[in-house]
Amino acid sequence: MGFLQKLSEFFQSLFSPNSPEAIQRQAVRKIENDLKTIAPDLHKNGLIQPAFAETLRILFQNTEPVLDVLSQTLCSPDLECSRRFEEQLLLTGFSEEAKTTLEEFAYENRKAGAMQADSITRYFESEHRKLEKVIRELNSPEFIKIDTTLDKIKQLNDICRFSYITALKVFDSDYKTKPDYTPDFQPLPPDLLENSLLDLYFVLADMDITNSVYNAVLALARLSHGGTVSASFAANLKDNFKKIQGIIKHVFTKEVLMDFIRLAKKNCEFVPDRSIYKGNARQKYADYLEKRFRVDESRLKS
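Residues numbered from 1 in each chain as written. Predicted model: local features only at pLDDT ≥ 70, side-chain atom pairs only at ≥ 80, totals over all residues. Heavy atoms only, no water.

A. A look at the layout of surface pockets. Here the largest pocket defines a volume of roughly 260 Å³. As for the largest pocket, its lining consists of 14 residues, and the residues nearest its centre are Thr 148, Asp 151, Lys 152, Tyr 277 and Lys 278. Per-element tally for the lining of the largest pocket: the top contributor is helix α8 (residues 141-160), with six residues. Class assignment for the residues of the lining of the largest pocket results in four nonpolar, three polar and seven charged. (1 Å grid on protein atoms, 1.4 Å probe; cavity = no way out; pocket = protein on both sides within 12 Å on 5 of 7 lines; lining within 4 Å. Points joined across faces, edges and corners; volume = space filled by probe spheres on them. Helix = DSSP H or I, 4+ residues; strand = E, 2+ residues; numbered from the N terminus. Nonpolar A, V, L, I, M, F, W, Y, C, P; charged D, E, K, R; others polar.)

Below, the structure is given as structure tokens:
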């Protein structure tokens, strides 16, 4: 009797509308119904469809040219190279007066100015006031926008560096990047893609590729090619950005990826981590200017 009672209680807990198992099943059905509405081509019969892999492949193809630009400029592993290109983008936000002042702050120019000054004390006081004025410009609305754009470029770089091949090989174990290879993507249960889904959500969540981001990346390309790029290069890069933005905003949305992750986790309340970018390039550049200013002043006074 004890065994039968326990068995009865087990089935009651399993099928009772108020049991945790029943509540979980209802939540899963709700997610699957949501996906049927917002992403019908990506999920069917409990499986992630080949269309998901194909979208991932298109994202991969269009991020490669962007990565080529970023890896040689702002997101270069060479920290000095990265700093130099970041400075070039920041300089675009300064007024003409501030740009002239920054040129005057070159050591040789300051040395010449100090030698010609009637009063070295007054000269240094004037220099300090000029520096304070330049740094105040870094807190203007224009520079706040530039700071945001730089953060978005860092996020875009992480999107470009996502492990696309690893994810695509889950759908097609023989997947190759050769142009003549025809993928044979197969449907698969969400849990097989769990790690890739988590990583994809981490870099894509809350991303918005604005015209400012495109213009900044195009400017980086020009700077790395002597100030100019071909019209075809700019047009192709623009097309890459449109496709990336289209996928982020309309296919791999935050809601769609969240649903897939919860199915993979079998946890309908799971909230995945997402990347947060707060590089504060303005403050770093202000600190750099002040440090260089102090070092040069110490040299001039010695």
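B. Representation of empty space enclosed by the protein in the model. In the structure shown here, the tally under the stated rule is two cavities of 30 Å³ or more. Quantified by volume, the largest cavity comes out at close to 40 Å³. Every residue along the wall of the largest cavity is listed here: Phe 105, Arg 110, Leu 131, Leu 289, Arg 292 and Phe 293. The element that contributes the greatest number of residues to the lining of the largest cavity is helix α14 (residues 281-301), accounting for three residues. Looking at the second largest cavity, its volume works out to about 30 Å³. Lining the second largest cavity, in full, are Phe 52, Leu 56, Phe 162, Ala 167, Leu 193, Ser 196, Leu 197 and Leu 200. Counting only elements with at least two residues in the lining of the second largest cavity, the list comes to α3 (50-71) and α10 (194-204). Of the residues forming the lining of the second largest cavity, the biggest block, three residues, is contributed by α10. Looking at the lining of the second largest cavity, its residues break down into seven nonpolar, one polar and no charged.

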